[in-house]
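Observations on the three-dimensional arrangement
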Amino acid sequence: MRNSKVVSLEEAIRRSGLQNGQTISFHHHFRGGDKVVNMVVDKLAQMGFKDLKLAASSLSDVHAPLVEHIKNGVITGISTSGLRGALADAISHGLMEEPVVFRSHGGRGSAIANGELKIDVAFLGACSSDELGNATGHGANSICGSLGYALPDARYASHVVVLTDDLVAYPNMPQSISAADVESVVVVDSVGDSTKIAAGAIRDSKNPRDILLAKQAAKVIINSGYFQDGFSIQTGTGGASLAAVKYIREEMINRGIKASFALGGITAHMVKLHQEGLIGTLIDVQSFDKVAAESIAVDPAHREVSAVEYASGQHLGSATHALDIVILSALEVDTDFNVNVLVGSDGIIRGAIGGHQDTAADSALSIIVCPLLRGRIPCVVPHVTTLITPGPSVDVVVTEYGIAVNPGRPEIAQRLKEAGLKVVPITELAAKASSIIGKPDPLPFGDKVVGVVMNRDGSVLDKIYNIQ
Amino acid sequence: MKNATAGTLESGDILINIGPGEGLQVNLQSSVAAQFGRQIKAVITDTLEGLGIKDACVEAIDKGALDCTIRARVTAAAVRATGKDVWKD
């Protein structure tokens, strides 16, 4: 084709004009199967680059090889929604001189759009692309569905490189990433392990505690005052969250209630309700399983949105502003309703902010579902290890020992009590946890800041210190 | 006293191995060591002392067990190690 943008990875990097000290970006739609981050950073290291800032929408276990690139000075800064595995462990112990900057998905979208997070070169993996860079999350070798977290990068980065393992004939339309935003296209052997990019539908939890929590969460929703025809909902992918959808579905059918839309990470569960006519539109920033990834390609009412359109706190048109109900999980909730989803109770980073801050802040009703204890680890505590989602945006906490309602929402507490649910002060839940496990010794934190947690408005919420 | 074990490596459980020793020696590996290691060791030694055991070497691998579980596993391992059935009394 005339004007083909297809070049080798090395040539794409040379053409981008990337300099030491600049910022490169990646998305995490290939989840645990991702090969793009490691492949590109390996190449940059080979080419002699140093002092690069890596701005990922998230990072996971598979990115452990970055530890060596950090030690060698190739990567000196990271911003991400989350960290897991060996990389998270090393960073928690003080691997980097510059603290990792943690942002929510909406917060990252805002920061890219308003220039606070300036991306010099975006390296965006795609399941298919044509020679001009029209790229999608569907290809011959793998499918990931929505590319929502890559779209702000594609639009705002100074230079965009698309990497794909399925080069198709022009025009690759409808496209997620537009050729108008793309400078180079690189064909690689594999962008990721397809079995880890989109697994089959997540199986329903058989854990009796999850089922109990799910039933309680469903009762909270049904009696909250927001369970009305045309309501909207977002759920996570935890066992209790998904099981709650099952009970809500039954009640929707019983009462003849339909939802206007479901938002966020879309799963097979939500696709099923949509296909049954119980949910109008699926607004999808990330397709969590193969069923969702296949649905978005063929169903006109299953829409892809960018992270900005999904959850930016600085764009009033973002979908979270229209969201009624969100079910979220937590590692820890404290007696001021503050939530931690990032740092484990051992002080090691082991999670991601995701859309937690965004959906809790903007939704009409935010529900945290968590067990009182995980083994000996308490989930309701006097003070969260790290502040991720501020208490004022959290409305209800559901545990197997009772339901706590934020004192700022007395009308919801009243409705739940009238429905016969066990509403208890959150201090009572913390006391119950403490009575079972005893008083934990303080964690051995050092005095080096290894992470900074941003609020979605760009202010600093909390700092994470190294663990010794 | 002979070597004996009780418990599993499942999440929420603790694996206890008791053998002959001088004084009470407890070696603990725990997924929650930083916050609860001190308490877990105290529960193990208290339970053994309650059974009248003053000399034993204990290897414990903990996966976040609660105190009630720890007491039960230590008691079961001690009964197997000593042959003295405390539940009959």
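**What about the overall build of chain A?**
- Looking only at helices and strands, one finds 15 helices and 26 strands in chain A.
- Relative to its length of 468 residues, chain A is compact, with a C-alpha radius of gyration of 22 Å against a globular reference of 23 Å.
- Seen through its C-alpha atoms, chain A measures out along the principal axes to roughly 70 × 55 × 35 Å.
- Considering only residue pairs separated by 6 or more positions, chain A has 72% of its internal contacts joining residues 24 or more positions apart.

**Remarks on the overall build of chain B**
- Tallying secondary structure elements over chain B gives two helices and four strands in all.
- Taken against the 2.2 N^0.38 rule, which gives 12 Å for 89 residues, the C-alpha radius of gyration of chain B at 12 Å falls within 12% of a compact globule.
- Taken over the C-alpha atoms alone, chain B extends approximately 35 × 25 × 20 Å along its principal axes.
- The buried share among the 89 residues of chain B stands at 40%.
- Within chain B, contacts between residues at least 6 apart in sequence are counted, and of these 73% link residues at least 24 apart.
- Here chain B has roughly 4,700 Å² of accessible surface; of this, 47% comes from carbon and sulfur atoms.
- Taking the average location of the 10 positive side-chain charges in chain B and that of its 11 negative ones, the two points are 2 Å from each other.

**Observations concerning the environment of M252 of chain A**
Residues and elements named next belong to chain A.
- Mapped onto the elements of the fold, M252 is located in helix α9 (residues 239-255).
- Sequence separation between M252 and Q228 is 24 residues, and the spatial gap between their C-alpha atoms is 9.2 Å.
- Excluding residues that lie within four positions of it along the chain, M252 makes contacts with F227, F231, I257, K258, A259, L273 and L278.

**Focus: the environment of E411 of chain A**
- Mapping E411 of chain A onto the fold places it in helix α14 (residues 410-418).
- Sequence separation between E411 of chain A and G265 of chain A is 146 residues; the distance between their C-alpha atoms is 30 Å.

**Here we look at the domain arrangement of chain A**
All names here are of chain A.
- On domain assignment, one finds that chain A holds domain 1 (9-197) and domain 2 (208-442).
- Taken residue by residue, the interface counts 34 residues in domain 1 and 33 residues in domain 2.
- Here domain 1 meets domain 2 over a buried area of about 2,400 Å², counting both sides, of which 58% is carbon and sulfur.
- In this structure, the connection of domain 1 to domain 2 is made through zero salt bridges.
- Where domain 1 meets domain 2, there are 18 residue pairs in polar contact (both at pLDDT 80 or more).
- Broken down by secondary-structure element, the contributors of at least two residues to the side of domain 1 that touches domain 2 are β4 (82-83), α4 (85-92), α5 (105-113) and α6 (151-156).
- Ranked by residue count, the leading element in the side of domain 1 that touches domain 2 is α5, at six residues.
- Its residues placed into classes, the side of domain 1 that touches domain 2 shows eleven nonpolar, 19 polar and four charged.

**So, the pairing of strand β2 (residues 52-56) of chain A**
Residues and elements named next belong to chain A.
- With respect to burial, β2 is a largely interior element, five of its five residues being buried.
- Bridge count between strand β1 (residues 23-26) and β2: four bridges; the pairing is parallel. The residue of β2 that forms the bridge with S25 is A55.
- For the crossover from β1 across helix α2 (residues 36-46) to β2, the handedness is right-handed.
- At this point the chain moves from β2, through helix α3 (residues 66-71), to the parallel strand β3 (residues 75-80), and the crossover so formed is right-handed.

**A few points about the packing of helix α1 (residues 33-50) of chain B against helix α2 (residues 67-82) of chain B**
All names here are of chain B.
- In contact at an axis separation of 9 Å, α1 and α2 are set at 40 degrees when each is read in the N-to-C sense. In terms of their interaxial angle, α1 and α2 are classed as oblique. Taken as a pair, α1 and α2 cross one another with a handedness that is right-handed. Contacts between α1 and α2 pair I40, V43, I44, T47 and L48 from the former with D67, I70, R71, V74, T75 and A78 from the latter.
- A per-class count over the contact of α1 with α2 returns seven nonpolar, two polar and two charged.

**Quick word on the sheet that holds strand β5 (residues 100-102) of chain A**
Residues and elements named next belong to chain A.
- The strand order across the open sheet built from nine strands is β10-β9-β6-β1-β2-β3-β5-β25-β26, with neighbouring strands paired in mixed fashion. Strands at the two margins of the open sheet, each flanked by one partner only, are β10 (184-187) and β26 (460-467). Going from strand to strand, the sheet's axes swing by 25 degrees on average, the running direction of each strand aside.
- Pairing of β3 with β5, which is carried by two bridges, proceeds in the parallel orientation. Bridging across to β5, S79 finds its partner in V101.
- Docked against the sheet, α2 engages β1, β2, β3, β6 (121-126) and β9 (159-164), running at close to 155 degrees with respect to β1.
- Helix-sheet contacts for α4 involve β3, β5, β25 (445-454) and β26, and the interaxial angle to β26 is about 90 degrees.

**Quick look at the packing of aromatic side chains**
All names here are of chain A.
- Here the structure, examined in full by the defined rule, presents two aromatic pairs over all chains.
- Note on F26 and F123: the rings are 5.9 Å apart at their centroids and 20 degrees apart in plane angle, and the pair reads as stacked. Of the two residues, F26 sits in strand β1 while F123 sits in strand β6, which places them 97 residues apart along the sequence.
- The buried category is assigned to F26, whose relative accessible area is 1%.
- With a centroid separation of 5.3 Å and 55 degrees between ring planes, the pair formed by F227 and F231 is classed as tilted. Here F227 matches F231 in class, with each residue buried.

**Considering the interface of chain B and chain A**
- Contact residues are listed per partner, giving twelve residues for chain B and 14 residues for chain A.
- Both sides together, the interface formed by chain B and chain A hides about 1,100 Å², and carbon and sulfur atoms give 52% of it.
- In terms of surface lost to chain A, no three residues of chain B exceed Q35, F36 and L66 of chain B, which account for 50% of the buried area on that side.
- The interface formed by chain B and chain A holds two salt bridges in total.
- Across the pair R38 of chain B and D441 of chain A runs a salt bridge, and its minimum N-O distance is 2.6 Å.
- One can count seven residue pairs in polar contact (both at pLDDT 80 or more) joining chain B with chain A.
- For the side of chain B that touches chain A, the secondary structure elements donating two or more residues are α1 and α2 of chain B.
- Element by element, the count of residues in the side of chain B that touches chain A is highest for α1 of chain B, at six residues.
- Partitioned by chemical class, the residues of the side of chain B that touches chain A number seven nonpolar, three polar and two charged.

Rules behind the numbers
Residues numbered from 1 in each chain as written. Chains lettered and ligands numbered in written order. Predicted model: local features only at pLDDT ≥ 70, side-chain atom pairs only at ≥ 80, totals over all residues. Heavy atoms only, no water. Helix = DSSP H or I, 4+ residues; strand = E, 2+ residues; numbered from the N terminus. Rg over C-alpha atoms; globule rule 2.2 N^0.38 Å. Contact = heavy atoms within 4.5 Å. Buried < 20%, exposed > 50% of the residue type's maximum accessible area, 1.4 Å probe, protein only. Areas by Shrake-Rupley, 256 points an atom, 1.4 Å probe, with all protein chains shown as cover. Lys, Arg positive; Asp, Glu negative; His and termini not counted. Charge placed at Lys NZ, Arg CZ, Asp CG, Glu CD. Domains from an automatic or database assignment. Buried area = accessible area lost by both parts, 1.4 Å probe. Salt bridge = Lys/Arg side-chain N within 4 Å of Asp/Glu carboxyl O. Polar contact = N/O pair within 3.5 Å; in protein donor to acceptor, adjacent residues only side chain to side chain. Nonpolar A, V, L, I, M, F, W, Y, C, P; charged D, E, K, R; others polar. Pairing = 2+ DSSP bridges. Right-handed = clockwise from strand over helix to strand, strands pointing away. Axes fitted to C-alpha atoms, helices over the stretch in contact; angles between N-to-C directions. Parallel < 35°, antiparallel > 145°, perpendicular 65-115°, else oblique. Left-handed = near helix turned anticlockwise from the far one by under 90°. Phe/Tyr/Trp six-rings, centres within 6.5 Å; stacked < 30°, edge-to-face > 60°.

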